[in-house]
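Structural overview for review
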Amino acid sequence: MEPAESPPDIVVTGDREEMERTVRAITRKITERRHFSRPLPRFQVPVCLATVGLRDDYKSLIRQRIGANLVAADIPVDDDPECRPNALVVFAPDARKAVREMIKEQPWLFTGYSNSQKRDLTQREAAAYAWQTTDLRGADGKPLKKMIIEVGIPPEKKEVIVNDQGQTGRTNQPIREDIAGAVVVIDNRELPGKTIDQLADYATMRLVATTRDAEGEDAGGIGEQTILSLFDAPDVAPEELTDFDRSYLTGLYRLRANAPVTALQDAASKAYRELSD
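A quick note: this is a predicted structure, and the numbers were derived from the prediction, not measured.

Calculation rules
- Residue numbers here run from 1 along each chain, matching the order of that chain's written sequence.
- Under the rules for a predicted model, residues below a pLDDT of 70 receive no local features and side-chain atom pairs below 80 are neither given nor counted, while totals for whole chains, interfaces and linings still include all residues.
- Excluded from the side-chain calculation are hydrogens and water; included are all heavy atoms of the structure.
- Only protein chains enter the calculation, and the probe is 1.4 Å; a residue is then buried if its accessible area is under 20% of its type maximum, exposed if over 50%, and partly exposed in between.
- Think of it this way: any DSSP run of H or I at least four residues long counts as a helix, any run of E at least two long counts as a strand, and we number them from the N terminus.
- Criterion used throughout: strands pair if DSSP finds at least two bridges between them.
- Crossover handedness is defined by viewing with both strands directed away from the observer: a clockwise path from the first strand over the helix to the second marks the crossover as right-handed.
- Angles run from 0 to 180 degrees between N-to-C directions of axes, and those axes are lines fitted to C-alpha atoms, restricted for helices to the stretch in contact.
- To sort the angles, those under 35 degrees are grouped as roughly parallel, those over 145 as roughly antiparallel, those from 65 to 115 as roughly perpendicular, and the leftovers as oblique.
- Crossing handedness is defined as follows: a turn of the near helix away from the far one that is anticlockwise and smaller than a right angle gives a left-handed crossing, while the clockwise case is right-handed.
- Whether two residues are in contact is decided by their heavy atoms: any pair within 4.5 Å suffices.
- Side-chain classes are defined by residue name, with Ala, Val, Leu, Ile, Met, Phe, Trp, Tyr, Cys and Pro counting as nonpolar, Asp, Glu, Lys and Arg as charged, and the others, Gly among them, as polar.
- Side-chain rings of Phe, Tyr and Trp (the six-membered ring for Trp) are treated as a pair once their centres are within 6.5 Å; stacked means planes under 30 degrees apart, edge-to-face means over 60, and tilted covers the remaining angles.
- By this rule the span expected of a helix is its residue count minus one, scaled by 1.5 Å.
- One side-chain nitrogen of Lys or Arg within 4 Å of one carboxyl oxygen of Asp or Glu is enough to make a salt bridge.

1. Some remarks on the pairing of strand β2 (residues 87-92)
Each regular strand shows side chains that alternate between the opposite faces of the sheet. The buried fraction of β2 is high, at six of six residues. With burial as the criterion, each face of β2 is covered, one bearing Ala 87, Val 89 and Phe 91 and the other bearing Leu 88, Val 90 and Ala 92. Pairing of strand β1 (residues 49-52) with β2 involves four bridges; the strand directions are parallel. Bridging from a neighbouring strand, Thr 51 pairs with Val 89 of β2. Remark: the β1/helix α2 (residues 56-72)/β2 crossover connection has left-handed handedness. As paired strands, β2 and strand β6 (residues 175-187) are joined by six bridges and run parallel to one another. Note on β6: the bridge partner recorded for Phe 91 is Ile 186.

2. Things to note about unusual backbone geometry
Despite not being glycine, Asp 74 has its phi angle at roughly 60 degrees, a positive value. Here Asp 74 lies in the loop between α2 and β2. Of the residues examined, Asp 74 reaches a relative accessible area of 63% and is grouped as exposed.

3. A look at the packing of helix α1 (residues 16-30) against helix α8 (residues 264-276)
Two elements in contact, α1 and α8, have axes whose closest approach is 9 Å; the angle formed by their N-to-C orientations is 130 degrees. The angle between α1 and α8 falls in the class oblique. Where α1 crosses over α8, the two elements pack in a sense that is right-handed. Facing α1, whose interface residues are Arg 16, Met 19, Glu 20, Val 23, Arg 24, Thr 27 and Arg 28, α8 presents Leu 264, Gln 265, Asp 266, Ala 268, Ser 269, Tyr 272 and Arg 273. Here the contact of α1 with α8 is built from residues that sort into five nonpolar, three polar and six charged.

4. A short note on the packing of aromatic side chains
Two measures describe an aromatic ring pair: the distance that separates the ring centres and the angle between the ring planes. Within the structure shown, the criterion is met by four aromatic pairs. Measuring from centroid to centroid gives 4.7 Å for Phe 110 and Trp 131, while their planes differ by 15 degrees, and the two rings are stacked. Taken together, the residues span a long stretch of sequence, with Phe 110 in the loop between α3 (95-105) and α4 (115-121) and Trp 131 in strand β3 (residues 128-138) at a distance of 21 residues. Take Phe 110 and Trp 131: they sit in the same class, and that class is buried. Ring centres of Phe 244 and Tyr 248 lie 5.9 Å apart, and the angle between their planes is 50 degrees; this geometry places the pair in the tilted category. One end of the pair, Phe 244, and the other, Tyr 248, are both in helix α7 (residues 243-254), four residues apart, so they sit about a helical turn from each other. Relative accessible area serves as the criterion here: at 0%, Phe 244 is assigned to the buried category. Owing to a relative accessible area of 1%, Tyr 248 belongs among the buried residues under this scheme.

5. With respect to helix α5 (residues 196-207)
Taking 1.5 Å as the rise per residue, α5 with 12 residues should run 16 Å; its terminal C-alpha atoms sit 16 Å apart, in good agreement. α5 sits mainly inside the fold: 11 of its 12 residues count as buried. Where α5 is concerned, the buried positions are Ile 196, Gln 198, Leu 199, Ala 200, Asp 201, Tyr 202, Ala 203, Thr 204, Met 205, Arg 206 and Leu 207.

6. A look at the pattern of salt bridges
The full count for this structure, using the stated rule, is 19 salt bridges. Between Arg 34 and Glu 177 there is a salt bridge, and its shortest N-O distance comes to 2.8 Å. Placement of the pair is Arg 34 in the loop between α1 and β1 and Glu 177 in strand β6, with a sequence separation of 143 residues. Residue classification places Arg 34 among the buried positions, given a relative accessible area of 15%. Measuring nitrogen to oxygen at the nearest pair gives 2.9 Å for the salt bridge that ties Asp 201 to Arg 65.

Without other data, these values stay purely geometric and don't point to any function.
Structure (structure tokens):
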């Protein structure tokens, strides 16, 4: 595998306002759609990474690369070799089949997912699959209370989550969503032509943020500007994390723990300005 070349910067043909529009547009395209008021899921504890499915030397290189990416974005990393993994990168001969087997044999990797959500994960063939399991907590990080109520006729018992913390504003939600575990599964048939750096950088973007691939028309339009185009537009995909990718991660993890998805565009744009100055 060849050494990575320097990634291209976001092409800006006008002033700072145009650059910010570009950053905001890419942020919208690669961020998983969710209700505007929902908090952005993030790791609030150090990331402990494990890799499966490659030679030991390749696995080591990928772990080192992802770890360096996280440190650069001020995302905490657990360096203890005995740490309990909460982030997993899997390389499989058939990624779709592997995820379906994991759903059956390792259901704890999908905690909180409904049967329909699990089916949706593998609804179509893809080069890579990624998902996170999350815990809802109060904005201060305290676990939410649970109680049993009776609903319906005849009444049935149901467990509900109760948050007794106050809300200080419409954009200051009384809850946060912590990533408890993250998994990326990559199809080995898609590896030819990709470097270790590209694979590790792609996995970084899918593990610690609720991102999606730049695909279809999006890939053609923004392919050079994000590593998330790696599998859908490999001819134009960058050799490593771009300035946009790094700004996205930095901006995301600078936000307060209960920040809504609407705050991400401003955060990524600010981080990109700082990186460009």
